Amino acid sequence: MEKNSGTVQELKNREQIEMFLSGKDSIEKFMRMMMQYECAMLEIKTKLDVLNKELSLQKSRNPFETIKCRIKSPESILGKMKKNNIPLTIADMEKNLNDIAGIRVICSFPDDIYMLADCLLAQDDITLVAKKDYIRKPKPNGYRSLHLIVEVPIFLTDEKKPMRVEVQFRTIAMDFWASLEHKMKYKKHIEKAESISNELFYCAELIAQLDGRMQQIREKIEKGSGA
């Protein structure tokens, strides 16, 4: 009987997990760890959803448009650990990888990004582990986003445990650019690759200008309406 695609994927994931489990580790231990990352991700998402509701009431508009969550696949985790020469154990995975749980927050305006990030970091159970501001200091290819690695406690039946989550903040325009750049980056045998990279960089600059102009227009509207 032919297996359905879901079952095949589950078997594939299990094989990938087993590839880096040491003698002390087990499938159950790995799955518990991934459950903990998912719980931490949901904790942060809930905090951001609450902030969005409160700030939308204060400002009569939502500070973010959408929020996306993801947990790295076993294949992606394994690939990153091999690439960075990290010992293939669950303990080393937890110690060295900060982006297993990830959240992407898509905002309308750049100033909303910093406001939301500041509000999140001001909460007393959030610890900032690392911050990379690629908006004020873009990557050489033009990529813009604010990246935070935060630690949040999760409460389980038998323990309270701090877990790390990566939170990325982008405007709609930044996310559009990053999504297209990511898709094109992995295409092979591209002709005139350098020219395309220059075009993408130019587009990133235009998008940054657009974000700035749209924010100025919003500020003028709010000032004119007394908001």
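Just above sits the structure.
For the structure given in this document, a descriptive report is provided here. Nothing here was measured: the structure is a model prediction, and the numbers come from that model.

About the criteria used
Residues numbered from 1 in each chain as written. Predicted model: local features only at pLDDT ≥ 70, side-chain atom pairs only at ≥ 80, totals over all residues. Heavy atoms only, no water. Buried < 20%, exposed > 50% of the residue type's maximum accessible area, 1.4 Å probe, protein only. Helix = DSSP H or I, 4+ residues; strand = E, 2+ residues; numbered from the N terminus. Pairing = 2+ DSSP bridges. Axes fitted to C-alpha atoms, helices over the stretch in contact; angles between N-to-C directions. Expected span 1.5 Å × (residues − 1). 1 Å grid on protein atoms, 1.4 Å probe; cavity = no way out; pocket = protein on both sides within 12 Å on 5 of 7 lines; lining within 4 Å. Points joined across faces, edges and corners; volume = space filled by probe spheres on them. Nonpolar A, V, L, I, M, F, W, Y, C, P; charged D, E, K, R; others polar. Core = buried A, V, L, I, M, F, W, Y, C linked by side-chain atoms within 4.5 Å.

Each regular strand shows side chains that alternate between the opposite faces of the sheet. In terms of residue burial, strand E5 (residues 160-171) counts as a mostly covered element, since 10 of its 12 residues are buried. Alignment of strand E4 (residues 146-155) against E5, held across 10 bridges, turns out to be antiparallel. Counted as the bridge partner of His 147 is Gln 168 from E5. Counted along the chain from E4 to the antiparallel partner E5, the turn is four residues long.

Attention now moves to the sheet that holds strand E2 (residues 101-107). One open sheet accounts for five strands, arranged E1-E2-E5-E4-E3; its pairing is mixed. Here the strands that pair on one side only, and so sit at the sheet edges, are strand E1 (64-71) and strand E3 (127-133). Strand-to-strand twist across the sheet, computed as the mean angle between neighbouring axes with direction ignored, equals 25°. Here six bridges tie E3 to E4, and the two strands are oriented antiparallel to one another. By the bridge assignment, Asp 133 is partnered in E4 with Leu 146.

Next up on the list: helix H2 (residues 27-59). Helix length check: H2 (33 residues) gives 47 Å between terminal C-alpha atoms against 48 Å at 1.5 Å per residue, within 8%. Two residues or fewer past H2, Ser 60 is found with a positive phi of approximately 60°.

What follows deals with empty space enclosed by the protein. Per the stated rule, a full pass over the model turns up one cavity of 30 Å³ or more. For the largest cavity, the calculated volume is near 30 Å³. Every residue along the wall of the largest cavity is listed here: Gly 142, Arg 144, Met 174, Trp 177, Ala 204 and Ile 207. Contributions of two or more residues to the lining of the largest cavity are made by helix H6 (172-185) and helix H7 (193-225). A class-by-class count of the residues in the lining of the largest cavity yields four nonpolar, one polar and one charged.

This part is about the nonpolar core. Residues Ile 44, Leu 48, Met 93, Val 105 and Phe 169 are the most contacted members of the largest nonpolar core, which totals 41 residues. Elements that contribute at least two residues to this core include exactly H2, E1, helix H3 (74-83), helix H4 (90-96), E2, helix H5 (110-121), E4 and E5. Counting eight residues, the second largest nonpolar core, distinct from the first, contains Tyr 143, Ala 178, Leu 200 and Ile 207.

It is worth spelling out H5 at this point. At 3.6 residues per turn, the α-helix brings residues three or four places apart onto the same side. When the terminal C-alpha atoms of H5 are compared, their 17 Å separation across 12 residues agrees well with the 16 Å that a helix rising 1.5 Å per residue should span. Within H5, burial applies to Pro 110, Asp 112, Ile 113, Tyr 114, Met 115, Leu 116, Ala 117 and Leu 120.

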